[in-house]
Structures are given as C-alpha cells and as structure tokens.
Amino acid sequence: AAELAAFIGGGGTGKVLQIQQHVEDGLTSFTHNSSATAHRLLLASNAADSTSHVSVTITPSSTSSKILLMAHVFFEGTTAPHEFLWGFHRDTTLIGAPASGSNRRRGISTVGENYAVSVDKASTPESASYQFVDSPSSTSAITYCVSYNTSATSGTLHLNRTVVNDDTASYELGVSSIIAMEISA
C-alpha cells in the first residue's frame, strides 16, 4: 500500500495524480447521427433512457498535466460492426483524430467483428477498447466521453446488450467504462 501511495502522490513527472472512472451497466441505445462524418457522443442527454452514459469528469491539478484516457465499450449495432469508428471528445471537441480536410470519417479505433455479419448480427455483441493521451492545458473541470460515427445515417447502437434483447443465454449483456488518469508532466 505504501508503494502505491508513493506512486500515486509522489510528485515528479510521470506520476499518477488522480484517477476518475465511470462504469456503465445500464442497457440503453443511441441513434446514429444523420451525418456520416458527425460523431454521436455517449452522453446521458443522447441516450434513449436519458441516464446511461460513457463519460467521466476530471479537474486537472496543473495546466501541464497529461490525461490518459482508456475506454471499453460493449455494444451491438443495427449497422455492420466494421462501420463503427470510435473516438474521444473533450467536452464537445473531438480529440486524437487525424486532422480534418476531407470527407473521411475520423477516429481512434475500429472494431474487429466477433461473428460473420450476415449470420448473427442481432445476437453477438462487439467491443471496442482503446486509449489516448490528451494534453488539455487546463485546470477547469473537463468532461471526456466516448463517441462513435458510422457511414450509415440511420440506425442504432445498443449499449451493453445485443440488438435482440431476449432474456436467454443466446443474448449477452456487458458493461462499458471510461477511465481518465491525470499524469504529471
């Protein structure tokens, strides 16, 4: 325990100063944006149940701090899994994506498909796990959230469940999470 306390609060560069985490176990859905290049933010205000989200708020202690973001999303969509492109937003700004300048969709991660799309697309969930280091240059509270886009302009992402939500062993449930870790620079 003493080693962990020294590591977390020991000062100097590269030390973990704080960790904020949110684990979402709610079952909800998010509708795709009507623009193929716009991201849907997994915030409660965009969720069908108005409460579930994959976001976390952190207040950096220094403008020189780095924020290590880690996310895991358990989902299934009505759009083919390879269509999902995942990212992070700092408040309303997309971060960690290639610079704009074309009509291409931008993000950090895609998803490897768990099962052939045409065979089992309503009962086999997918997951995306990815990370990014942000330099927010702020000591104000920042909300980071998971976001996605697809080239489909209609459809639904089902968070923590499959498209078909029958209460049988064939339809899995899971959890999603986001971690923000402040690192001294």
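Residues numbered from 1 in each chain as written. Predicted model: local features only at pLDDT ≥ 70, side-chain atom pairs only at ≥ 80, totals over all residues. Heavy atoms only, no water.

## A word on the overall build of the protein
Filter applied, for reference: Working definition: helices are DSSP H or I runs of at least four residues, strands are E runs of at least two. Numbering for both runs from the N terminus. Here's how the labels work: a residue is buried when its accessible area is under 20% of the maximum for its type, exposed when over 50%, partly exposed in between, all with a 1.4 Å probe on protein chains only. Between two residues, a contact is recorded if the distance between any of their heavy atoms is within 4.5 Å. For the area figures, the Shrake-Rupley method with a 1.4 Å probe applies, and any residue is considered shielded solely by the protein chains shown.
Check the secondary structure of the protein and you find two helices and eleven strands. Taken from the N to the C terminus, the helices and strands of the protein come in the order α-β-β-β-β-β-β-β-α-β-β-β-β. A total of 185 residues make up the protein; the buried ones form 43% of that total. Nonlocal contacts in the protein, meaning residues at least 24 apart in sequence, comprise 78% of its contacts between residues at least 6 apart. Accessible surface, the protein: about 8,900 Å² in total, of which carbon and sulfur atoms supply 50%.

## What to know about the packing of aromatic side chains
The cut-off we apply is this: Within 6.5 Å between ring centres, the rings of Phe, Tyr and Trp (the latter by its six-membered ring) count as paired, and their orientation is classed by plane angle as stacked under 30 degrees, edge-to-face over 60, tilted in between.
In the structure shown here, the tally under the stated rule is six aromatic pairs. For the pair phenylalanine 84 and tryptophan 86, a centre-to-centre distance of 6.1 Å together with 15° between the ring planes defines the contact as stacked. Of the two residues examined, phenylalanine 84 and tryptophan 86, each falls in the buried class. Taken together through their ring pairs, the aromatic side chains of Phe75, Phe84, Trp86 and Tyr148 make up a single cluster.

## Topic: unusual backbone geometry
Among all residues except glycine, the phi angle is most often negative; among peptide bonds, the trans geometry is most common. Even without a glycine there, the phi angle at aspartate 91 is positive, about 55°. Inspection of the secondary structure assignment puts aspartate 91 in the loop between strand S6 (85-90) and strand S7 (93-95). Its relative accessible area of 39% is what places aspartate 91 among the partly exposed residues.

## Observations regarding the nonpolar core
The nonpolar side chains of soluble globular proteins are, as a tendency, buried together. Basically, it comes down to this: Take the buried residues of types Ala, Val, Leu, Ile, Met, Phe, Trp, Tyr and Cys, join any two whose side-chain atoms come within 4.5 Å, and each joined set is a nonpolar core.
Core analysis: the largest hydrophobic core is formed by 26 residues, its most contacted members being Leu42, Trp86, Phe88, Tyr144, Val146 and Leu157. Considering each element in turn, this core owes the most residues, five residues, to strand S5 (residues 66-77). Excluding residues within four positions of it along the chain, valine 146 makes contact with Arg40, Leu41, Leu42, Val54, Ala71, Val73, Trp86, Gly87, Phe88, Tyr130 and Ile178.

## As for the environment of threonine 150
As a reminder, the rule being used: The term polar contact refers here to a pair of N or O atoms within 3.5 Å; inside protein, the definition further demands a hydrogen-donor-capable atom paired with an acceptor-capable atom, and it admits residues adjacent in sequence only when both atoms are side-chain atoms.
As for its placement among the helices and strands, threonine 150 is situated in the loop between strand S9 (142-149) and strand S10 (156-159). Separated by 118 residues in sequence, threonine 150 and histidine 32 place their C-alpha atoms 7.4 Å apart. Sequence-distant contacts of threonine 150, defined by excluding residues within four places in its chain, comprise His32, Ala36, Thr79, Glu83, Phe84 and Arg105. At a separation of 2.9 Å, a polar atom in the side chain of threonine 150 contacts the main-chain carbonyl oxygen of alanine 152.

## Concerning the pairing of S9
So the rule is basically this: Strands were regarded as paired on the criterion that DSSP finds at least two bridges between them.
The buried fraction of S9 is high, at seven of eight residues. Pairing of strand S3 (residues 40-41) with S9 involves two bridges; the strand directions are antiparallel. Bridge pairing in S9 links leucine 41 to serine 147. As paired elements, strand S4 (residues 55-58) and S9 share four bridges and run antiparallel to each other.

## Some words on the pairing of S6
Of all six residues making up S6, five are buried, and the element is well covered by its neighbours. Relative to S9, S6 runs antiparallel, the two being bridged by six bridges. In the strand pairing of S9, phenylalanine 88 is matched with valine 146. Pairing between S6 and S7: three bridges, direction antiparallel. Residue pairing for S7: histidine 89 is matched across the bridge by leucine 94. The antiparallel pairing of S6 with S7 creates a hairpin that spans two residues between the two strands, and aspartate 91 there sits at a positive phi of about 55°.

## Observations concerning empty space enclosed by the protein
Test applied: Method remark: on a 1 Å grid restricted to protein atoms, a set of points is classed as a cavity if a 1.4 Å probe fits but cannot get out and as a pocket if it is open with protein on both sides within 12 Å along at least five of seven lines; lining residues have an atom within 4 Å of a point. Grid points are joined across faces, edges and corners, and a volume is the space filled by probe spheres set on the points. Any residue outside Ala, Val, Leu, Ile, Met, Phe, Trp, Tyr, Cys, Pro, Asp, Glu, Lys and Arg is labelled polar, Gly included; the first ten of those are nonpolar and the last four are charged.
On inspection of all chains with the given rule, the structure shows two cavities of 30 Å³ or more. Quantified by volume, the second largest cavity comes out at close to 40 Å³. Along the walls of the second largest cavity sit His32, Asn33, Ser35, Ala36, Ala38, His39, Arg40, Tyr148, Asn149, Thr150 and Ala152, which together make up its complete lining. Class assignment of the residues belonging to the lining of the second largest cavity gives a composition of four nonpolar, six polar and one charged.

Everything listed is a geometric property; what it means functionally is a separate question.
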